[in-house]
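Per-entry structural report
The chain contents come next:
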Amino acid sequence: TGGRGLAIFAPFSASGVGVFDPGSNNFRLINISGTVSTTARFCGATALSNGLVIFAPYNADGVGVFDPSTDSFSYVDISATMHADAKFVDATTASNGLVVFAPLGEAVGVYDPVSSTMWTAAISTRQNQVHQTSRTAPTQSHCTRAYFSN
């Protein structure tokens, strides 16, 4: 954000958000282990027009929100909407500002960053499959995407 050109890494198994500055070759880890303690936390990230970076929940029961301008992390609980493990594997920001999470299961996730609300849209006739808890974790390569902030 603010022309800083940082690469932001979603924490899958790491204890924090990775922040890399390619201009200075500096990497730092912003610890979030006190906020999200589960393993396989997030998989995939996308940026909002305001510079915030949104992390797609994999096993986390919440959406991760990272502000690269302040190195602050917040967590929006979605357990009332979705409580399964292996939820989503990537994220993108739609032109209307909503964040869309790519499903690992049977539902697309949609997150509204303005109201901090989340809902799902079934993508098959097996709508309840998204709530299964026995899914295979992706290999590390599935969660290595980084978002480059401007």
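Scroll up for the structure.
What this report covers is the structure whose coordinates are included nearby.

Rules and cut-offs
- Residues numbered from 1 in each chain as written.
- Predicted model: local features only at pLDDT ≥ 70, side-chain atom pairs only at ≥ 80, totals over all residues.
- Heavy atoms only, no water.
- Pairing = 2+ DSSP bridges.
- Helix = DSSP H or I, 4+ residues; strand = E, 2+ residues; numbered from the N terminus.
- Axes fitted to C-alpha atoms, helices over the stretch in contact; angles between N-to-C directions.
- Buried < 20%, exposed > 50% of the residue type's maximum accessible area, 1.4 Å probe, protein only.
- Contact = heavy atoms within 4.5 Å.
- Polar contact = N/O pair within 3.5 Å; in protein donor to acceptor, adjacent residues only side chain to side chain.
- Core = buried A, V, L, I, M, F, W, Y, C linked by side-chain atoms within 4.5 Å.
- Salt bridge = Lys/Arg side-chain N within 4 Å of Asp/Glu carboxyl O.
- Phe/Tyr/Trp six-rings, centres within 6.5 Å; stacked < 30°, edge-to-face > 60°.
- Lys, Arg positive; Asp, Glu negative; His and termini not counted.

1. A closer look at the sheet that holds strand S5 (residues 53–57)
Across a sheet, paired strands are connected by hydrogen bonds in the backbone, their directions being either parallel or antiparallel. Pairing is antiparallel in the open sheet, where four strands are placed in the order S4-S5-S6-S7. On the outer flanks of this sheet lie strand S4 (42–47) and strand S7 (72–77), each paired with one strand and no other. Strand-to-strand twist across the sheet, computed as the mean angle between neighbouring axes with direction ignored, equals 25 degrees. As judged from the three bridges shared by S5 and strand S6 (residues 62–67), these two strands associate in the antiparallel manner.

2. Some remarks on the environment of Thr46
Here Thr46 is to be found in strand S4. Of the residues examined, Thr46 reaches a relative accessible area of 8% and is grouped as buried. Taking the C-alpha atoms as reference points, Thr46 and Ala91, separated by 45 residues in sequence, lie 5.5 Å from one another. For Thr46, the residues in contact, after removing those within four places along its chain, are Leu52, Val53, Ile54, Ala91, Thr92, Thr93 and Val99. Within the local environment of Thr46, its side chain forms a polar contact with the side chain of Thr93, the two groups lying 2.8 Å apart.

3. Quick notes on the nonpolar core
Among the nonpolar cores identified, the biggest contains 15 residues, and Ile8, Val17, Val19, Phe42, Phe55, Phe66 and Phe73 are the most heavily contacted of them. Put simply, the parts of the chain that give this core at least two residues each are strand S2 (16–21), S4 and S5. Residues contacting Val19, with those up to four places away along its chain left out, are Leu6, Ala7, Ile8, Asn26, Phe27, Arg28, Ile30, Phe66 and Asp71.

4. Let's talk about the pattern of salt bridges
The tally for this structure, following the rule as stated, stands at two salt bridges. The residue Arg28 makes a salt bridge to Asp71 at a minimum N-O spacing of 3.0 Å. Taken together, the residues span a long stretch of sequence, with Arg28 in strand S3 (residues 26–31) and Asp71 in the loop between S6 and S7 at a distance of 43 residues. Asp71 gets classed as partly exposed once you look at its relative accessible area, which sits at 24%.

5. A few points about the packing of aromatic side chains
By the definition in use, this model includes six aromatic pairs. Each ring, one from Phe55 and one from Phe73, has its centre 6.5 Å from the other, and the planes form 25 degrees; the classification is stacked. Taken together, the residues Phe55 in strand S5 and Phe73 in strand S7 connect sequence positions 18 residues apart. Of the two residues examined, Phe55 and Phe73, each falls in the buried class. Here the aromatic rings of Phe88 and Phe101 are separated by 5.3 Å at their centres, their planes lie at 35 degrees, and the arrangement is tilted.

6. Looking at the side chain of Arg41
Mapped onto the secondary structure, Arg41 falls in the loop between S3 and S4. No salt bridge is formed by the buried Arg41. Its closest oppositely charged neighbour is Asp61, at 12 Å. Of the polar contacts made by the side chain of Arg41, one reaches the backbone oxygen of Ala14; its length is 2.7 Å. Once you skip the residues sitting within four places of it in the chain, Arg41 turns out to touch Pro11, Phe12, Ser13, Ala14, Ser15, Ile32, Val36, Ala56, Pro57, Tyr58, Asn59 and Ala60.

These values are about where atoms sit, not about what they do.
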